Amino acid sequence: MWYLNEERTLVQQAAREFVDKEVRPVALEIDREDRFPLELFKRAGELGFLGITTPEEYGGMGSDYTTVALVMEEIAKASPVLCVAMGAHSQLAGGMLKMLGSPEQKERYLRPAASGEIIMACGSTEAVGGADHEEHTTRAVLDGDEWVINGGKVLISNIGVADVYLVLAITADHVDPVTKAGFSAFIVPKDTPGLIIGEPEHKLGWHGSATGSIEFRDMRLPREAILGLEGGCMQAMFVSCTDEFLTCGPVGLGIAEGAYDMAFDYSMHRIQHGMPMYDRFQVTRHKLARMWMDIEQLRGLVYSVHAMRDTGDLQLPQGRMLKILGAEVSERVAREAIQLYGGLGVIRDVGVERYWRDAKVLAIGGASVEAMTEEITQLLRPRN
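In this text, all values refer to a predicted model and were calculated from it rather than measured experimentally.

Calculation rules
- Residues numbered from 1 in each chain as written.
- Predicted model: local features only at pLDDT ≥ 70, side-chain atom pairs only at ≥ 80, totals over all residues.
- Heavy atoms only, no water.
- Helix = DSSP H or I, 4+ residues; strand = E, 2+ residues; numbered from the N terminus.
- Rg over C-alpha atoms; globule rule 2.2 N^0.38 Å.
- Buried < 20%, exposed > 50% of the residue type's maximum accessible area, 1.4 Å probe, protein only.
- Contact = heavy atoms within 4.5 Å.
- Areas by Shrake-Rupley, 256 points an atom, 1.4 Å probe, with all protein chains shown as cover.
- Lys, Arg positive; Asp, Glu negative; His and termini not counted.
- Charge placed at Lys NZ, Arg CZ, Asp CG, Glu CD.
- Polar contact = N/O pair within 3.5 Å; in protein donor to acceptor, adjacent residues only side chain to side chain.
- Expected span 1.5 Å × (residues − 1).
- Arc of directions from axis to C-beta.
- Core = buried A, V, L, I, M, F, W, Y, C linked by side-chain atoms within 4.5 Å.
- Salt bridge = Lys/Arg side-chain N within 4 Å of Asp/Glu carboxyl O.
- Patch = residues over 30% accessible without salt bridge, like charges linked within 9 Å, V, L, I, M, F, W, Y side chains within 5 Å.
- Phe/Tyr/Trp six-rings, centres within 6.5 Å; stacked < 30°, edge-to-face > 60°.
- Lys NZ or Arg CZ within 6 Å of the ring centre and 35° of its normal.
- Pairing = 2+ DSSP bridges.

Here we look at the overall build of the chain
- Secondary structure summary: the chain contains 11 helices and 10 strands in total.
- Against the 2.2 N^0.38 benchmark of 21 Å for 384 residues, the chain shows a C-alpha radius of gyration of 21 Å, consistent with a compact globule.
- With 384 residues in all, the chain has 53% of them scored as buried.
- Summarising the internal contacts of the chain: among those between residues at least 6 apart in sequence, 74% fall at separations of at least 24.
- Of the roughly 16,800 Å² of accessible surface on the chain, 54% is carried by carbon and sulfur atoms.
- A gap of 5 Å separates the mean positions of the 38 positive and 55 negative side-chain charges of the chain.

Some words on the side chain of Lys77
- Its location among the elements puts Lys77 in the loop between helix 3 (65–76) and helix 4 (80–100).
- At 3.3 Å, the side chain of Lys77 and the side chain of Glu74 are in polar contact.
- Leaving out residues up to four positions away in the same chain, Lys77 has contacts with Arg16, Arg24, Gly254, Glu257, Gly258 and Tyr355.

Observations regarding the environment of Val239
- Inspection of the secondary structure puts Val239 in helix 6 (residues 234–269).
- Contact partners of Val239, with chain neighbours within four places excluded, come to Met99, Arg309 and Leu314.

Quick look at helix 6
- Between its first and last C-alpha atoms helix 6 spans 52 Å; for 36 residues at 1.5 Å apiece the expected length is 52 Å, and the two agree.
- Across the 36 residues that make up helix 6, a large majority, 28, are buried.

Focus: helix 2 (residues 38–46)
- Every buried residue of helix 2 is listed here: Leu40, Phe41, Ala44 and Gly45. Each buried residue of helix 2 lies within a common arc of 145 degrees when the element is viewed along its axis, so the set occupies one face. Pointing more than 90 degrees away from the buried face of helix 2 are the exposed residues Glu39 and Glu46.
- Those residues of helix 2 that are buried are in contact with helix 1 (6–33), helix 4 and helix 5 (103–115).
- Gly48, located one to two residues past helix 2, shows a positive phi value of around 90 degrees.

Things to note about the nonpolar core
- Membership of the largest hydrophobic core comes to 96 residues, with the highest contact counts inside it found for Met86 and Met96.
- Here this core takes 15 residues from helix 6, the largest share from any one element.
- Once residues lying within four places of it in the same chain are set aside, the contact partners of Met86 are Phe41, Ala44, Phe49, Leu50, Val71, Met72, Ile75 and Gln91.
- Core analysis: the next-biggest nonpolar cluster, separate from the first, contains 19 residues, Ala121, Ile149, Ile214 and Phe216 among them.

A look at the pattern of salt bridges
- Taken as a whole, this structure holds 30 salt bridges when the rule is applied.
- Across the salt bridge formed by Arg332 and Asp294, the nearest N and O atoms sit 2.9 Å from each other. With a gap of 38 residues between them, Arg332 in helix 9 (residues 316–341) and Asp294 in helix 8 (residues 282–309) connect regions that are remote in the sequence.
- With a closest N to O distance of 3.5 Å, Lys360 and Glu331 form a salt bridge. In this pair, Lys360 is assigned in helix 10 (residues 353–362) and Glu331 in helix 9, connecting sequence segments 29 residues apart.

Things to note about a nonpolar patch on the surface
- Taken together, Leu344, Val346 and Ile347 make up a surface patch of nonpolar side chains, about 260 Å² in accessible area.
- Among the secondary structure elements, Ile347 is positioned in the loop between helix 9 and helix 10.

Some details on the packing of aromatic side chains
- Tallying each qualifying case throughout the model produces eight aromatic pairs.
- Centroid distance Trp2 to Tyr3: 5.4 Å. Interplanar angle 85 degrees. Geometry classified as edge-to-face.
- A relative accessible area of 5% means that Tyr3 is categorised as buried.
- In textbook terms, an aromatic cluster arises when at least three aromatic residues are bridged by ring pairs, as seen for Trp2, Tyr3 and Tyr303.
- Note that Arg354 overlies the ring of Tyr355, its terminal NZ or CZ placed 5.0 Å from the centroid.

Brief notes about the pairing of strand 5 (residues 183–189)
- Across the seven residues that make up strand 5, a large majority, six, are buried.
- Relative to strand 8 (residues 226–227), strand 5 runs antiparallel, the two sharing two bridges. Residue pairing for strand 8: Phe186 is matched across the bridge by Ile226.

Scope: geometric values only; no functional claims are made or implied.
Below, the structure written as structure tokens:
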């Protein structure tokens, strides 16, 4: 492939070996038990997969976004939920920390995050307002040398297992409707008094992502717990969200490939009227051909966009496009894979229906494809 070089190929091979030997054997069990893949997460850290774009001076690989995509694609073929946990940790929380953290904060948190010694979560989503942060209600007020935070966040990944939460709160009297100035980010250790961690939700897919609510009741933090300048975190949040949206492309690609591989293998071994389904039914061959075309179109888009991101272009609309198409292609391919399996396709122990469930949540989790489409329209609007 044009996007592979020697270094990326070595990382890709390491990811494939990790998946084949350690991830795939337990992927169905993790989904069935709805448990956070802690051992796999820690192992990903040992292999360097949690710090791919983290600078080497803070214990990371110092590599590029294409390498992130390669690793995410391989892991998503077997366990999309592990990618969800990694994205919340590395792209969202890790991205904010890389952009806004002081050298001391990076040394204290970014270095152990890159190796998997600690797990991070990002608390930004609230029950009101959706993507409209002006309606959020979590506030931080400076009281002497301490910040006092009250409010709550919903649908946060990695709750309960995270050692550190990066939390957004309003610190101004009014939030600027254009620049969103007025929001600040805070580093919150898990044992902070006043931090109330809820129970993970039971969801259609993403079983084991540990997604749920957190609450702040007169939670006090030292003044230096703020990340970056007071009231100025939203630009970094916008970039880190975009980088997470970018990963939805390779994650969707991996989901589609995993479902396609299962369906193709089944069609070659399931005998109907004395012949494999692939040879017996034109409809089977055509379904698989269209699934393959969807996958290859998405692959080309994923790696061209990541190549541009590696040049320094933030790829703001393109990142949201990958979120949308990653979800849509993976859901479509997984649906057809279930159809090819027939009755067996809806049995959980077979394993193919899991890809559709995870693809369906991909279309909503983190930001819905509808919200992404509207953001694209605004990003494409000419600026005067």
